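Structural overview
Chain by chain, the residues:
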Amino acid sequence: MRIGIVCYPSVGGSGIVATELAAQLARRGHEIHIVSSDVPFRLSQFEERIRFHQVETPTYPLFRESPYVLALANKLVEVHRLAGLDVIHAHYAVPHATAAFLAREIIGPGAPGVVTTLHGTDITLMGSDPSFTEIIAFSINRSDAVTAVSESLRTDTVTLLPVQREVRVIPNFLDCARWRRSEPAGLCGRLACGGERVLMHMSNFRRVKRPWDVVEIFSRVCRAVESRLILVGDGPELAPALALAERLGVRERILVLGNQEQVVPLLSAADVFLLPSEQESFGLAALEAMACGVPVVVSRTGGLPEVVVEGETGFLCQVGDVDAMAARVVQILQDDGLRRRMGAAAMERVRRHFCADRVVPQYEALYREVVG
Ligand code: GMT
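Residues numbered from 1 in each chain as written. Predicted model: local features only at pLDDT ≥ 70, side-chain atom pairs only at ≥ 80, totals over all residues. Heavy atoms only, no water.

A few words now on the sheet that holds strand S1 (residues 2-6). With parallel pairing, the 7 strands of this open sheet are ordered in space as S3-S2-S1-S4-S5-S6-S7. In this open sheet, the two edge strands, each paired with only one partner strand, are strand S3 (50-54) and strand S7 (167-169). Looking at each pair of strands side by side, their axes are set apart by 25° on average, direction ignored. In the sheet, S1 pairs with strand S4 (residues 87-91) via 4 bridges, with the strands oriented parallel. Paired with Ile5 across the bridge in S4 is His89. (Pairing = 2+ DSSP bridges. Helix = DSSP H or I, 4+ residues; strand = E, 2+ residues; numbered from the N terminus. Axes fitted to C-alpha atoms, helices over the stretch in contact; angles between N-to-C directions.)

The next point concerns the packing of helix H7 (residues 211-224) against helix H8 (residues 238-248). Pairs of packed helices are described in terms of their axes, by the angle between the two and the distance that separates them. Across the interface, H7 lies against H8 with an axial gap of 9 Å and an inter-helix angle of 25°. With respect to their mutual orientation, H7 and H8 come out roughly parallel. The two elements H7 and H8 cross, and the hand of that crossing is right-handed. Here Pro211, Trp212, Val215, Glu216 and Ser219 of H7 come into contact with H8, specifically with Ala241, Leu244, Ala245 and Leu248. (Parallel < 35°, antiparallel > 145°, perpendicular 65-115°, else oblique. Left-handed = near helix turned anticlockwise from the far one by under 90°. Contact = heavy atoms within 4.5 Å.)

All chains considered together, the criterion is met by 1 disulfide. Sulfur of Cys292: no disulfide; nearest cysteine sulfur belongs to Cys176 and is 10 Å away. Here Cys317 stays free of any disulfide, with the sulfur of Cys222 as its closest cysteine sulfur at 18 Å. The class for Cys317 is buried, based on a relative accessible area of 5%. (Disulfide = S-S within 2.5 Å. Buried < 20%, exposed > 50% of the residue type's maximum accessible area, 1.4 Å probe, protein only.)

Time to look at the nonpolar core. In terms of nonpolar packing, the biggest core is built from 72 residues, with Ile32, Ile140, Met200, Leu267 and Phe273 touching the most fellow members. Lining this core are residues from two domains, each supplying at least three of them: domain 1 (2-173 + 355-371) and domain 2 (197-353). Setting aside residues no more than four positions away along its own chain, Met200 makes contact with Leu229, Ile230, Val232, Leu266, Leu267, Ala270, Val272, Phe273 and Leu274. With 31 residues, the next largest nonpolar core counts Leu231, Leu238, Leu244 and Ile332 among its residues. (Core = buried A, V, L, I, M, F, W, Y, C linked by side-chain atoms within 4.5 Å. Domains from an automatic or database assignment.)

An ideal rise of 1.5 Å per residue puts 21 Å on 15 residues; helix H3 (residues 93-107) measures up with 20 Å between its terminal C-alpha atoms. Judged by how many residues are buried, H3 sits mostly within the fold: 12 of 15 residues are covered. Those residues of H3 that fall on the buried side of the exposure criterion are Ala93, Val94, Pro95, His96, Ala97, Thr98, Ala99, Ala100, Phe101, Ala103, Arg104 and Ile107. Of the residues trailing H3, Gly108 is marked for its positive phi of about 75°. (Expected span 1.5 Å × (residues − 1).)

To continue, consider the packing of aromatic side chains. Within a pair of aromatic rings, the relevant descriptors are the distance that separates the centres and the angle that separates the planes. For the coordinates displayed, the defined rule picks out 3 aromatic pairs. Ring centres of Phe101 and Phe138 lie 4.8 Å apart, and the angle between their planes is 85°; on these two criteria the pair is classed as edge-to-face. Taken together, the positions of Phe101 in helix H3 and Phe138 in helix H5 (residues 133-141) put the pair 37 residues apart, joining distant regions of the chain. Here Phe138 falls in the partly exposed class, since its relative accessible area comes to 30%. Seen from the ring of Phe315, Arg328 lies directly overhead, with NZ or CZ sitting 4.0 Å from the centre. (Phe/Tyr/Trp six-rings, centres within 6.5 Å; stacked < 30°, edge-to-face > 60°. Lys NZ or Arg CZ within 6 Å of the ring centre and 35° of its normal.)

A few words now on the layout of surface pockets. Put simply, the largest pocket is a space of about 710 Å³. The wall of the largest pocket is formed by 38 residues, among which Gly12, Gly13, Ser14, Asn204 and Lys209 lie closest to the centre. Of all the secondary-structure elements, those providing two or more residues to the lining of the largest pocket are helix H1 (13-27), helix H4 (121-125) and helix H10 (284-291). With 4 residues, H1 is the single largest residue contributor to the lining of the largest pocket. Of the residues in the lining of the largest pocket, the class split is 15 nonpolar, 18 polar and 5 charged. Split by domain, the residues of the lining of the largest pocket number at least three in each of domain 1 (2-173 + 355-371) and domain 2 (197-353). (1 Å grid on protein atoms, 1.4 Å probe; cavity = no way out; pocket = protein on both sides within 12 Å on 5 of 7 lines; lining within 4 Å. Points joined across faces, edges and corners; volume = space filled by probe spheres on them. Nonpolar A, V, L, I, M, F, W, Y, C, P; charged D, E, K, R; others polar.)

Keep in mind these numbers describe shape, not what the thing actually does.
In structure tokens:
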């Protein structure tokens, strides 16, 4: 099939999943056209059968707002005329499925089918804002097929929005050949010295990730276990979180690495991974840590309980309960047997349920249905 994939290129789970899906589909013989405003973050390796089409949004001094959706719809029409797309797979209802709808209207008969995957932010964060409710519901209802990355997101979608379309759950996934524990050779010593334990958090440091909780948890853990915190990623709440660390007297025990592409050896150096988010439709970062054999301590919110098995692959705590999260981290760090068992169970869970070879065929089946 010839498949157009529309996604955000910036650091974030939806772009990562869309890019990995593109790579997997290309390796399975499909012709893939990624349409985005920039080369996606994780599209670092050359893949035969993947083409990239950049959406340029011209700006004119007269118009204050950037007409990205229109430029994207226009680009989708161009790509279809060039390649004869069978399917457009939009990652996010707005604005991507909206642009796909517009493109289909312009193309008319013979237009590609539209598959929309919901990743969360448009439903759980934007969906409740009346400024967007109608357009999100419209874009979902006019798609030929809709998927959500977790059961929790599916339920939120059908309860929060006037959606008539069936929403199916296809979970996020990893390329398990690449996402496996690696020897963190050369990293120990630089990242942590001697017997220190390593806590890790990786995100885009937006408010929804509650990075201040990461620091609060870490300062409590430091009182019981000699440890170090490694922060991977960047975003608006990083500086305030570091200011909090300064006030709590733990700043010098925190290593800030910024955005990183090769995160497998980093995650493999961690003893425990923290994701205390307010909301996560899935929590891809927790899955990535689990794939590297790292127990996770996360919030009991959104799709995280579908990823993490309580007491087996990590622990789930109430959002904002930093005392409980710190106690769980200390429990893991003070019991090597538990840490190893949880790490092994986490890897096994990823291998059984979240590898590409289990999940990608579900998308292929959906495309076939849509193309009919
Ligand atoms: O969480 C973010 O800030 C980024 C956002 C995105 O667009 O990539 O992540 C969403 O999609 C990911 C991939 O499906 C999920 O793993 C994240 O849980 C989800 N974020 C939220 O629901 C807040």
